[in-house]
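# Coordinates in review
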Amino acid sequence: MAAFKETKLPANAPVAAKALGWVDDRFPLTKLWNDQWGQYYAPKNFNFWYIFGSLAMLVLVLQIVTGIFLTMHYKPDATLAFGSVEYIMREVPWGWLVRYMHSTGASAFFIIVYLHMTRGLLYGSYRKPRELIWLFGFAIFLALMAEAFFGYLLPWGQMSYWGAQVIVNLFGAIPFIGDTLSLWIRGDYVVSDATLNRFFAFHVIALPLVLLGLVVAHLIALHEVGSSNPDGIEVKEHLGADGHPLDSIPSHPYYSTHDIFGVSVFLVIFSAVVFFAPEMGGYFLEYNNFIPADSLKTPAHIAPTWYFTPFYSVLRATTADFMYVLMAAIAAYVVFIWLKSRLSFKTKAAIAVVALIMIVGMLPSVLDAKFWGVVLFGASVMIIAGLPWLDHSPVKSIRYRPHWHKYVLILFGVSFVTLGYLGTQLPTATFTMLAQLCTLLYFSFFLLMPWWSTMGTFKIVPTRVTFHPH
Amino acid sequence: MNFPKKLIAMLALLPCLAFASEAGHPLDKAPARESLSSLQNGAKLFVNYCLNCHAASSMRYNRLKDLGLTDEQIKNNLLFTADKVGEMMTTALRPADAKAWFGVVPPDLSVIARAKASGAGTGSDYLYTYLRTFYKDDTRPTGWNNLIVPNVAMPHAMWQLQGVRTVKMVEEKDPHDPSKTVHKFAGFEQVAPGTMTATEFDTATADLVGYLEWMAEPVAGKRKQLGVWVLLFLAFFSVLAWRLNASFWKEVK
């Protein structure tokens, strides 16, 4: 370790410069700023899709700050919780604004994160060497879902209560330990005061800590390997005389000003919802949640908030009849792997064994459809993490992939949105069938990606980024 | 039918299904109520007819000052279930008695206008229809029944205003199952007149519902007023941010 060296500034240097020098000698403040933002060189060809990372950061801060103020007045007690939310809405000065910002912020967070992930899908942002960035991001998504789920119980309305009841009961589908496990999560035989208290603890401290840690990891990993761009080119392959990539610019001031503009447009949309449609037609604040939780009255229609409904639809689509379709699909997929993949014999054999166990498990007398519904529900979320290894396309960006790949992405998007819509509706025979179709499309998109992503005629990827000066 | 045909048929029928899920008696559109005098009249009806059994435990009496009333006016005319204007709108009905008399504890009405919104209409539409579709039914313990909440536990609280009505039902074949019949609503029949004409009663109910809507979110008006200024500021700020961004980016070649 080098000896401590004090920065020597002339006696007439500004006090701020001296203070910064004093700090920099003891803590890498200027270095951190430069590494993470000030001198962080990012490709200059970012487009619209590249704003959502900063926006997610903004909403995270917004949720934490509004959350702190809500915690000052909210009562995590089954007899007081519902009333305390109304107290915030009516009696606490500006409480209504803080609460609407928080409730709208939750939905905004998911919209932003879904768009952020779409960007990754469009431009192959998760491809080597950015797999870990994707995994950290995926973990953020998981933590965010848990955070939203725990938070949704807190207003203690009917939908809070029964939504939590349904989701916790899902753990009951796990063989042998299921019932004990869901009892352990609830802390009671039904969702109750004990559940509310622990969900409050998770929502206000445990998960925010995890989220913040993961965001730091996500950003450090990103700034280590550098950002990708809409052309999917590695800008570090063309360095200038100053050692920085020729096609990159320092984030400050260029992306600082860019983000300020993006943030202001976002705030226009966000405020329009907060001030004019905080319920957003029953999607952001569900109507039934204005009725206090009642353990004796099950609502006719329990729908989770919209951001969970695509996955919830997969769960509901897994009916007993659908098991036969799934068994056939699994068998077909294994045959396909044996014929078409270049995996080793051992891997293929392992896949066949797992598939056989699954098919046997799907027989009506072995494990019921509820269990497999939970498995598919979990798989529909987890499979997103696999993208870096499922995508085998020779180019990263959709710009240089065969034209029809766009339609594959659109079909996937339509299936996802349709699943989301169906999850908010009462299941009917027709809706269930549509959800089953979309479920198959959803999984096919991922599971067949190693093949379809390599098919077709790819365009020539330019060596330098496409950029039109403003 | 083969699968593709089935799928096409299914997609074509989607819109019908969306409406079918909202079956039942259709909701009337609640007339908008914005004038303070209507809302004050609604408040008067509310404390006279609703607060006997229902509470509005999140609502402070003196919040009625937002409707242009003074503490004195509230105290002298509307303060039925509390001693001070700073208290909440509680009810005199004890939960145990309610359970014995009606079978249920009447729900708190603080946010009822928000809770009753659905795909079929706004919460106000629901309440406006509900309060105007009570009818005499001697088979019910209270003697009253309701079109949109069949076998409702609540009696017709405003029957003296509306008078007594019975309902005409016709038997019709069930459109989904020809072997069954369904009872279909075919109109009300006025048996005894009330103190109000039908039009007056509709107006009064609309005032009451307007009040309930106001009470569900007293800040709603202020929220929208403030929203206009916030959006104007943000629009202006966006223009500045846009130009700031452009001034930096013009040097990027």
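Residues numbered from 1 in each chain as written. Chains lettered and ligands numbered in written order. Predicted model: local features only at pLDDT ≥ 70, side-chain atom pairs only at ≥ 80, totals over all residues. Heavy atoms only, no water.

### Let's talk about the overall build of chain B
- From N to C terminus, chain B includes nine helices and six strands.
- Its C-alpha atoms give chain B a radius of gyration of 25 Å, more than 25% over the compact-globule value 18 Å for 253 residues.
- For chain B, contacts bridging at least 24 residues in sequence account for 61% of all contacts bridging at least 6.
- Across chain B, 28 positive and 24 negative side-chain charges occur, with their mean positions spaced 7 Å apart. (Helix = DSSP H or I, 4+ residues; strand = E, 2+ residues; numbered from the N terminus. Rg over C-alpha atoms; globule rule 2.2 N^0.38 Å. Contact = heavy atoms within 4.5 Å. Lys, Arg positive; Asp, Glu negative; His and termini not counted. Charge placed at Lys NZ, Arg CZ, Asp CG, Glu CD.)

### Focus on the packing of aromatic side chains
All names here are of chain A.
- Summed over all chains, the structure comprises 52 aromatic pairs over all chains.
- Consider the rings of Phe412 and Phe416, whose centres lie 6.4 Å apart with planes at 25°: the pair is stacked. Here Phe412 pairs with Phe416, and both are found in helix α16 (residues 403-424), just four residues apart, close to one helical turn. Across the pair, exposure class does not vary: Phe412 and Phe416 are buried alike. (Phe/Tyr/Trp six-rings, centres within 6.5 Å; stacked < 30°, edge-to-face > 60°. Buried < 20%, exposed > 50% of the residue type's maximum accessible area, 1.4 Å probe, protein only.)

### Section: empty space enclosed by the protein
Residues and elements named next belong to chain A.
- In total, this model carries two cavities of 30 Å³ or more according to the counting rule given.
- Taken together, Ser313, Arg316, Ala317, Leu422, Pro427, Phe431, Thr432 and Ala435 make up the full set of residues lining the largest cavity.
- Elements represented by at least two residues in the lining of the largest cavity include exactly α11 (309-317) and α17 (429-447).
- A per-class count over the lining of the largest cavity returns five nonpolar, two polar and one charged.
- Space inside the second largest cavity adds up to approximately 30 Å³.
- Lining the second largest cavity are Leu121, Tyr126, Asp391, Ile398, Arg401, Leu409, Met449 and Trp452.
- Considered class by class, the residues forming the lining of the second largest cavity number six nonpolar, no polar and two charged. (1 Å grid on protein atoms, 1.4 Å probe; cavity = no way out; pocket = protein on both sides within 12 Å on 5 of 7 lines; lining within 4 Å. Points joined across faces, edges and corners; volume = space filled by probe spheres on them. Nonpolar A, V, L, I, M, F, W, Y, C, P; charged D, E, K, R; others polar.)

### Examining the packing of α11 of chain A against α16 of chain A
Residue and element names in this part refer to chain A.
- Direction vectors running N to C along α11 and α16 enclose 75°, while the axes themselves pass 7 Å from each other. Taken together, the axes of α11 and α16 are roughly perpendicular relative to one another. Packed against α11, whose contacting residues are Thr309, Pro310, Phe311, Tyr312, Ser313, Val314 and Arg316, the element α16 presents Phe416, Leu419, Gly420, Leu422, Gly423 and Thr424 at the interface.
- Its residues assigned to classes, the contact of α11 with α16 comprises seven nonpolar, five polar and one charged. (Axes fitted to C-alpha atoms, helices over the stretch in contact; angles between N-to-C directions. Parallel < 35°, antiparallel > 145°, perpendicular 65-115°, else oblique.)

### Regarding the nonpolar core
- In this structure, Phe110, Phe141, Phe311, Ile384, Tyr442 and Phe446 of chain A are the most contacted members of the largest nonpolar core, which totals 130 residues.
- No other element matches helix α5 (residues 95-123) of chain A, which puts 14 residues into this core.
- Inspection of this core shows a minimum of three residues originating in each of domain 1 (37-235 + 246-283) and domain 2 (306-452) of chain A.
- Beyond its immediate chain neighbours, meaning those up to four positions away, Phe311 of chain A contacts Tyr114, Phe141, Met145, Phe377, Ser380, Val381, Ile384, Phe416 and Tyr442 of chain A.
- Ala56, Leu69, Leu127 and Trp144 of chain B belong to the second-largest nonpolar core, a separate cluster that totals 45 residues. (Core = buried A, V, L, I, M, F, W, Y, C linked by side-chain atoms within 4.5 Å. Domains from an automatic or database assignment.)

### Topic: the domain arrangement of chain A
Residues and elements named next belong to chain A.
- Domain boundaries assigned for chain A yield domain 1 (37-235 + 246-283) and domain 2 (306-452).
- The gap between the C-alpha centroids of domain 1 and domain 2 is 26 Å.
- Taken together, the contact between domain 1 and domain 2 spans 35 residues of the former and 33 residues of the latter.
- Carbon and sulfur atoms make up 71% of the area that domain 1 and domain 2 hide from each other, which totals about 3,100 Å². (Buried area = accessible area lost by both parts, 1.4 Å probe.)

### Section: the environment of Thr432 of chain A
All names here are of chain A.
- By the secondary structure assignment, Thr432 is in helix α17.
- Each C-alpha atom, one on Thr432 and one on Trp184, is 32 Å from the other, the two residues being 248 residues apart in sequence.
- Setting aside its immediate chain neighbours within four residues, Thr432 contacts Thr319 and Pro427.

### Observations concerning unusual backbone geometry
Residue and element names in this part refer to chain A.
- Of the consecutive residues Lys128 and Pro129, the connecting peptide bond is found in the cis state with omega at 10°.
- As for its position among the elements, Pro129 is in the loop between α5 and α6 (131-153).
- The step from His252 to Pro253 runs through a cis peptide bond, and the omega angle for that step is 10°.
- Counting through the fold element by element, Pro253 comes out in helix α10 (residues 251-276).
- Phi is positive for Trp94, close to 65°, though the residue is something other than glycine.
- Despite not being glycine, Phe176 has its phi angle at roughly 70°, a positive value.
- Examined against the element boundaries, Phe176 turns out to sit in the loop between α7 (158-170) and α8 (178-186).
- What makes Phe176 exposed here is its relative accessible area of 86%.

### Thoughts on the pattern of salt bridges
Residues and elements named next belong to chain A.
- Inspection of the entire model under this criterion finds 22 salt bridges over all chains.
- Across the pair Glu6 and Arg26 runs a salt bridge, and its minimum N-O distance is 3.6 Å. Linking Glu6 in the segment before α1 (15-26) with Arg26 in helix α1, this pair joins segments that are 20 residues apart in sequence.
- According to the relative accessible area criterion, Glu6 is partly exposed, its value standing at 38%.
- For Arg26, a relative accessible area of 43% puts it in the partly exposed group. (Salt bridge = Lys/Arg side-chain N within 4 Å of Asp/Glu carboxyl O.)

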